[in-house]
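Observations on the model geometry
This is what each chain is made of:
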2 protein chains.
Amino acid sequence: MSSAPALRINADRLNSTLQSTCTQWGALSAPSTGMRRLALSQEDKHARDWLVQECTSLGCRITIDQMGNIFAARRGMAKDRMLRQPIGMGSHLDTQPAGGRYDGILGVHAALEVLRTLHDHQVWTHSPLALINWTNEEGARFPGAMMASGVWSTKSSTPLEACWETRDKDGVRMKQALADTGYLGETPCDYTENGLQAHFELHIEQGPILEREGKSVGIVTSVQGMKWFAVRVTGREGHSGTTPMPERSDALVTASRLIAAVRDTALKTDLGVATVGVIHSDTSSQATIPAGIDFTIDIRCSTDEMVDELASAVFEAFDTIIEEESNGTLYVVQRTWGLPESKFHEHCIAAVRASAVREVGEQRIMDMKSRAGHDSAWTSRVCPTSMIFVPSKDGISHNPNEYTSPEHCALGAQILLDSVLHYDKRLKQGEW
Amino acid sequence: MSSAPALRINADRLNSTLQSTCTQWGALSAPSTGMRRLALSQEDKHARDWLVQECTSLGCRITIDQMGNIFAARRGMAKDRMLRQPIGMGSHLDTQPAGGRYDGILGVHAALEVLRTLHDHQVWTHSPLALINWTNEEGARFPGAMMASGVWSTKSSTPLEACWETRDKDGVRMKQALADTGYLGETPCDYTENGLQAHFELHIEQGPILEREGKSVGIVTSVQGMKWFAVRVTGREGHSGTTPMPERSDALVTASRLIAAVRDTALKTDLGVATVGVIHSDTSSQATIPAGIDFTIDIRCSTDEMVDELASAVFEAFDTIIEEESNGTLYVVQRTWGLPESKFHEHCIAAVRASAVREVGEQRIMDMKSRAGHDSAWTSRVCPTSMIFVPSKDGISHNPNEYTSPEHCALGAQILLDSVLHYDKRLKQGEW
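These numbers come from a predicted model, not from an experiment.

**Quick word on the relation of the copies chain A and chain B**
Placing chain A over chain B gives an RMSD of 0.1 Å and needs a rotation angle of 180°, together with 0.1 Å of translation along the axis. Taken together, the rotation and translation relating the two chain copies correspond to the operation of a two-fold axis. Scanning chain A for the C-alpha nearest the rotation axis identifies A:S256, at a separation of 2.2 Å.

**Considerations on the packing of helix 10 (residues 346-360) of chain A against helix 12 (residues 406-428) of chain A**
Residue and element names in this part refer to chain A. Two numbers describe how helix 10 lies on helix 12: the axes approach to 8 Å, and their chain directions differ by 130°. When the axes of helix 10 and helix 12 are compared, the pair comes out oblique. As helix 10 runs across helix 12, the sense of the crossing is right-handed. Two secondary-structure elements touch here, helix 10 through H347, C348, A351, V352, A354, S355, A356, R358, E359 and V360 and helix 12 through L411, Q414, I415, D418, S419, H422 and Y423.

**Section: the interface of chain A and chain B**
The partner chain B presents 60 residues to the 59 residues of chain A that form the contact. Taken together, both faces of the contact between chain A and chain B bury some 5100 Å²; the carbon and sulfur share is 58%. The three residues of chain A that bury the most area against chain B are A:M245, A:R263 and A:Q286, which together make up 14% of that side's buried surface. Counting across the interface, chain A meets chain B through 24 residue pairs in polar contact (both at pLDDT 80 or more). Broken down by secondary-structure element, the contributors of at least two residues to the side of chain A that touches chain B are strand 8 (238-239), helix 8 (251-269), strand 9 (272-275), strand 10 (279-281), strand 11 (288-289) and strand 12 (292-301) of chain A. Ranked by residue count, the leading element in the side of chain A that touches chain B is helix 8 of chain A, at nine residues. Grouping the amino acids of the side of chain A that touches chain B by side-chain chemistry returns 23 nonpolar, 24 polar and 12 charged.

**Structural notes on the pattern of salt bridges**
All chains considered together, the criterion is met by 46 salt bridges over all chains. A salt bridge links A:D80 to A:R84; the nearest nitrogen and oxygen atoms lie 2.7 Å apart. With its nearest N and O atoms 2.6 Å apart, the salt bridge here joins B:R263 to A:E325. Taken together, the positions of B:R263 in helix 8 (residues 251-269) and A:E325 in helix 9 (residues 304-325) put the pair across two chains. Like B:R263, the residue A:E325 is buried in the burial classification.

**Remarks on the UniProt feature "domain: Peptidase M20 dimerisation" (unreviewed entry) in chain A**
The UniProt record annotates "domain: Peptidase M20 dimerisation" (unreviewed entry) at residues 223-321 of chain A. Between the end C-alpha atoms of residues 223-321 of chain A there is a gap of 33 Å, over a span that is 37% helix and 32% strand.

**Some thoughts on the packing of aromatic side chains**
Residues and elements named next belong to chain A. Across all of its chains, the model carries 22 aromatic pairs over all chains by this definition. Arranged with centres 5.2 Å apart and planes meeting at 80°, the rings of F229 and F315 form a pair that is edge-to-face. In this pair, F229 sits in strand 7 (residues 225-234) while F315 sits in helix 9, placing the two residues 86 residues apart along the sequence. As far as the burial class goes, F229 and F315 line up, both buried. Taken together, F229, F295, F315, F318 and Y331 form an aromatic cluster joined through their ring pairs. Cation over ring: R48 sits above Y183, and NZ or CZ is 4.9 Å from the ring centre.

**Some points on helix 8 of chain B**
Residue and element names in this part refer to chain B. Taking 1.5 Å per residue as the helical rise, helix 8 with its 19 residues ought to reach 27 Å, and the 26 Å between its terminal C-alpha atoms agrees with that figure. In terms of burial, helix 8 is largely enclosed, as 14 of its 19 residues are buried. For helix 8, the side-chain oxygen to backbone nitrogen distance between the N-cap and L252 is 2.9 Å, and the N-cap itself is D250.

The rules we used
Residues numbered from 1 in each chain as written. Chains lettered and ligands numbered in written order. Predicted model: local features only at pLDDT ≥ 70, side-chain atom pairs only at ≥ 80, totals over all residues. Heavy atoms only, no water. Least-squares fit on C-alpha atoms with pLDDT ≥ 70 in both. Axes fitted to C-alpha atoms, helices over the stretch in contact; angles between N-to-C directions. Helix = DSSP H or I, 4+ residues; strand = E, 2+ residues; numbered from the N terminus. Parallel < 35°, antiparallel > 145°, perpendicular 65-115°, else oblique. Left-handed = near helix turned anticlockwise from the far one by under 90°. Contact = heavy atoms within 4.5 Å. Buried area = accessible area lost by both parts, 1.4 Å probe. Polar contact = N/O pair within 3.5 Å; in protein donor to acceptor, adjacent residues only side chain to side chain. Nonpolar A, V, L, I, M, F, W, Y, C, P; charged D, E, K, R; others polar. Salt bridge = Lys/Arg side-chain N within 4 Å of Asp/Glu carboxyl O. Buried < 20%, exposed > 50% of the residue type's maximum accessible area, 1.4 Å probe, protein only. UniProt positions renumbered as here; feature names shortened; annotations may be inferred. Phe/Tyr/Trp six-rings, centres within 6.5 Å; stacked < 30°, edge-to-face > 60°. Lys NZ or Arg CZ within 6 Å of the ring centre and 35° of its normal. Expected span 1.5 Å × (residues − 1).

Here it is in structure tokens:
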């Protein structure tokens, strides 16, 4: 690989573009550098419109699919290029309600910087390339994380129409939000009709491991499995003053014990992580014993078997608590979403590894599993995929304090460029 | 008292009026007999308008004060009647978001039935009488239970302007809701300017004691003390997939342990009752570790000292949990509201006792403390007050299944009539 062109991305341009667009569309109030750019909000629409304009100015062809995914394709040189699917570089521009500037956004900006660099130097790849902005990766506005890449991979448990029908908390249907922002495209959201030859994604680690180990780059080999559950606890309403303590059937007290048990079980079994992210009570009166509580559970482990094992342990703990309470409180649980463990492709992993080693050397890279879900988990089911991780300061993410240094952002973008060129060259040579 | 007139209320009229107005204004969907008649809602306005019309048709003079309290006064025969303050019969027409047909509503309807009975028989008391509908007793829409009787008694910790500024969950100010419904009166909400000579209130017990003891009537001698607190638990937001379990500062897990401790401490100390009625999380994302949880605590005991003792025990338990967690989660607590222990007046208690004994005999009555707060707790601070309790089926209240039999409703109304006549007679005779 020593003969590879010494093509360098423009680190200043990458970082200043990322910061200035974040400041413009979705920034929380200064001095926070946090972001609130919910999927298909006005902030997201502005960022999308800008992205489409930038890619168009680089000569890319824009395709919007039925889920609002943006594909910005740059032509390749291959004789069969009209038949060839592009090598994809995807991530997402949406954020959590109080997230940061790097989760997702860095990956899209790095892909744009790759396209800009190739354009500046008029370098043409063999295969076409495509920047992809996947819609609603966070699932923070419309429930269902990695939603649109899930539909595209057609292995998602949620079909197109069901996703269109999901509503945000104000009752707005997703299809309406797509139409309102101008991103309800006609191209099928289906890899068999609008496919990719491979998918690369630069992302921040969102955890503390790279920083702690003193590494600069993570070569991501898989994404852990995850399942989401909705739990409803029921009891009996009653007056807070007149109902004697021993006669209560208090749904909130029982739910509280269950929530603590989710954490305790994850700690005790050491199988993975389990989180109750959302809680809601039917009761809005301070003087009423709550009778209905809803909460969610998010379980993630290295393997699908471990996810199931941890879930079983949690629900066994629940049953014990219900028996201990023995006061008429009950729970029902519903599985709402899941992402099976995903193993990335050896060729894509090899392309990332070669590029990372060349940039920073063996000592500063490490192989890792992703503990967060990513669009790449879905794409890996239908096309060769891998990811590049760069460090997150203090491991913080989904938080306004999320931070990745400009140097690490630039390093990641450079490795994304190198990986795509490496992969393209091997394809051209017929080796892969 | 054997010479008292054998004046009988009309049980059928009382019960049919109560049921038909509940069906019309605020009924939950059949077959539930539950009610949702929030203070100053359209349902409450209709019920109020109807009440004003009924009382007007009986010749009463209507006064609306600055908190929307309705005073419907019937003249007395005393020579100094223009100077005399009325003997009050008060309760409330508003309900919990999912309450029943008897809590408060029975007391107002019984007072109306007393006025109707006196009107039918053209019986004139010595002192004037007044039916009172107190505004926002439940505190379910505008936070602060027994709000308007609290302002009227001027011993409330919440002055008029602060109450006007309270907002419902949609942001509507109470003063606006008063104006919108036509119940922002000009009469000062102040017992020194619009006072009562005494206050009687018929109410359902809202607990299981009368039923369990086989009694028909409770002679209420006091109301237990109560304090409300707002607790905020803070932690650190983080990604549910990438934040290792031991590194979390999860506000919801800590809050859950605190909520369970509220119940456990009340059970263990046996000082009174403690309830977490409302919980709210800042986080709306299933994939984010919650960083901010708010919940309320309602503590009620027989004496103010016991309230403080139970509160101290709860917060000691909180401190232990925070120390055990030792993960950066913290809590802050704010006292939001309180009602000191209230002792009712010997004359009013005697009037209720004499009337109850005459109706059902010594064997079917019992003295009791009220475990729920009532408008009478406030009035008792500025005028002689007592209450009559009738049984609640299964002790259920603040619940659509709240039920008191027509016979018990009628019995309560009869005792209310007799108590007022008894009290009035003693006043006339100059004995009290």
